[in-house]
Amino acid sequence: MTVDSRSWLPADTVPPAALDALVAETVADWSARWFVGEAVRFAPLCREARTNLAWRALDVGLMLGTTGDTALKTGARMLGVAAEDRATVDRALLEEVAENCLVDLRARLARLAGVSPDAEWRPVVRAPGWCAAIGGPAAQIAIALTDAFFATLVARVLPSTPAIPLGLGGAALAAVEVEVSAAVGHADISVAELRGLEIGDVVVLGRPLAEPVPIAVDGHPLVRGTARIIAAEPPFLEIVEAATRA
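What you are looking at is a predicted structure, and each value in this text was computed from that prediction instead of being measured.

### Focus on helix H2 (residues 70-79)
One full turn of an α-helix is made of 3.6 residues, so residues set three or four places apart face in the same direction.
Move 1: Among the residues of H2, those classed as buried are Thr 70, Leu 72, Thr 74, Gly 75, Ala 76 and Met 78.
Move 2: The secondary structure elements touched by the buried residues of H2 are helix H1 (17-34), strand E3 (62-66), helix H3 (88-112) and strand E6 (141-145).

### Things to note about the side chain of Asp 147
Move 1: Topologically, Asp 147 is positioned in helix H4 (residues 147-157).
Move 2: Within the structure, Asp 147 has its side chain in polar contact with the side chain of Trp 130 (distance 3.1 Å).

### Some thoughts on a nonpolar patch on the surface
Move 1: On the surface, a cluster of nonpolar side chains totalling about 470 Å² of accessible area is made up of Val 184, Ile 189, Leu 194, Leu 197, Val 203 and Leu 205.
Move 2: Residue placement: Leu 197 occurs in the loop between helix H6 (191-195) and strand E8 (213-217).

### Some remarks on the pairing of E3
Move 1: Within E3, 4 of the 5 residues are buried, which leaves it mostly tucked inside the rest of the structure.
Move 2: Summarising the sheet, strand E2 (residues 54-57) and E3 pair through 4 bridges and their orientation is antiparallel. What sits directly across from Ala 57, in E3, is Met 63.
Move 3: Between E2 and E3, which follow one another and run antiparallel, lie 4 residues, and Gly 61 among them has a positive phi close to 110 degrees.
Move 4: Here 5 bridges tie E3 to E6, and the two strands are oriented antiparallel to one another. Note that in E6 the partner of Gly 65 across the bridge is Ala 142.

### So, unusual backbone geometry
Move 1: The backbone of Asp 85 sits at a positive phi, close to 55 degrees, despite the residue not being glycine.
Move 2: In this structure Asp 85 comes out as exposed when scored by relative accessible area, which is 82%.

### Notes on the confidence of the model for the chain
Regions with low pLDDT should not have their predicted coordinates read in detail.
Move 1: Chain-level statistics for the chain give a pLDDT mean of 83 and a share of 92% at 70 or above.
Move 2: Least confident of the elements in the chain is helix H5 (residues 169-173), whose mean pLDDT is 74; most confident is H3, at 94.

### Describing the sheet that holds strand E1 (residues 46-47)
Sheets are built from strands paired through backbone hydrogen bonds, the pairs being either parallel or antiparallel.
Move 1: Taken in spatial order, the 6 strands line up as E1-E5-E6-E3-E2-E4 in an open sheet, and their pairing is antiparallel. Lying at the two open borders of the sheet, with one neighbouring strand each, are E1 and strand E4 (122-124).
Move 2: One ladder, built from 2 bridges, connects E1 with strand E5 (residues 130-134); its direction is antiparallel. For Cys 46, the partnering residue across the bridge sits in E5 and is Cys 131.
Move 3: Its contacts with the sheet place H4 against E1, E3, E5 and E6, and it is angled at close to 85 degrees to E6.

### Describing the sheet that holds strand E7 (residues 180-182)
Move 1: Spatial ordering of the open sheet is given by E7-E8-E9-E10, a layout of 4 strands whose pairing is antiparallel. Each of the sheet's edge strands pairs with one partner strand only, and the pair in question is E7 and strand E10 (236-241). The average undirected angle you get between the axes of adjacent strands in this sheet is 45 degrees.
Move 2: Bridge count for strand E9 (residues 220-230) against E10 is 5 bridges, and the pairing is antiparallel.

Calculation notes
- Residues numbered from 1 in each chain as written.
- Predicted model: local features only at pLDDT ≥ 70, side-chain atom pairs only at ≥ 80, totals over all residues.
- Heavy atoms only, no water.
- Buried < 20%, exposed > 50% of the residue type's maximum accessible area, 1.4 Å probe, protein only.
- Helix = DSSP H or I, 4+ residues; strand = E, 2+ residues; numbered from the N terminus.
- Contact = heavy atoms within 4.5 Å.
- Polar contact = N/O pair within 3.5 Å; in protein donor to acceptor, adjacent residues only side chain to side chain.
- Patch = residues over 30% accessible without salt bridge, like charges linked within 9 Å, V, L, I, M, F, W, Y side chains within 5 Å.
- Areas by Shrake-Rupley, 256 points an atom, 1.4 Å probe, with all protein chains shown as cover.
- Salt bridge = Lys/Arg side-chain N within 4 Å of Asp/Glu carboxyl O.
- Pairing = 2+ DSSP bridges.
- pLDDT = per-residue confidence, 0-100.
- Axes fitted to C-alpha atoms, helices over the stretch in contact; angles between N-to-C directions.

Written out as structure tokens, the structure is:
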């Protein structure tokens, strides 16, 4: 399984403190369950390429990195003994002691990811995106998140924004000013007749002034809406059919 290392997040993206706290809380609970004395340290998430670790990943984009001696050093920490210069039989014992501890860590991380604690961890070629070391140099363990899972966790920890109801479209447009006009009438004439028009000539329109005329808004005739032209000073339109009538 190969995980794409290209990022779609800005290079200056900073993890919110709430996200670090969420992961740190999981690590702290695990530490309190298995280790006596000083709690296992957790380093904040950052963009880091940890090529010295072997990585396994859940399908959601959460990864766990370990080294060949992670189990040995974890078992030694659990028992409060040194891991160095151990005989083969002692190394096997320390690794056996650490087995359930590391299984529990994977289960806790799976729950953090919202999947079953028994979900399968598959080997990956590299761990892109966000990485945080846990346990310090002695344990050689790290957690990594893909950009997609990073965004998922950020959405989980950010405070919810109260929903603001949308206003009515009519209310939003109520203050917009438009130009209202009326089509008085029209006449069809030839280009020659148009060129021959002189002052005082009369062009007969195709609609009597007494008939209702279509209303136009910003020069565009409405599908519904008519008015009657009232000869006055100044002239005005009397609405005959409202444009918004059902």
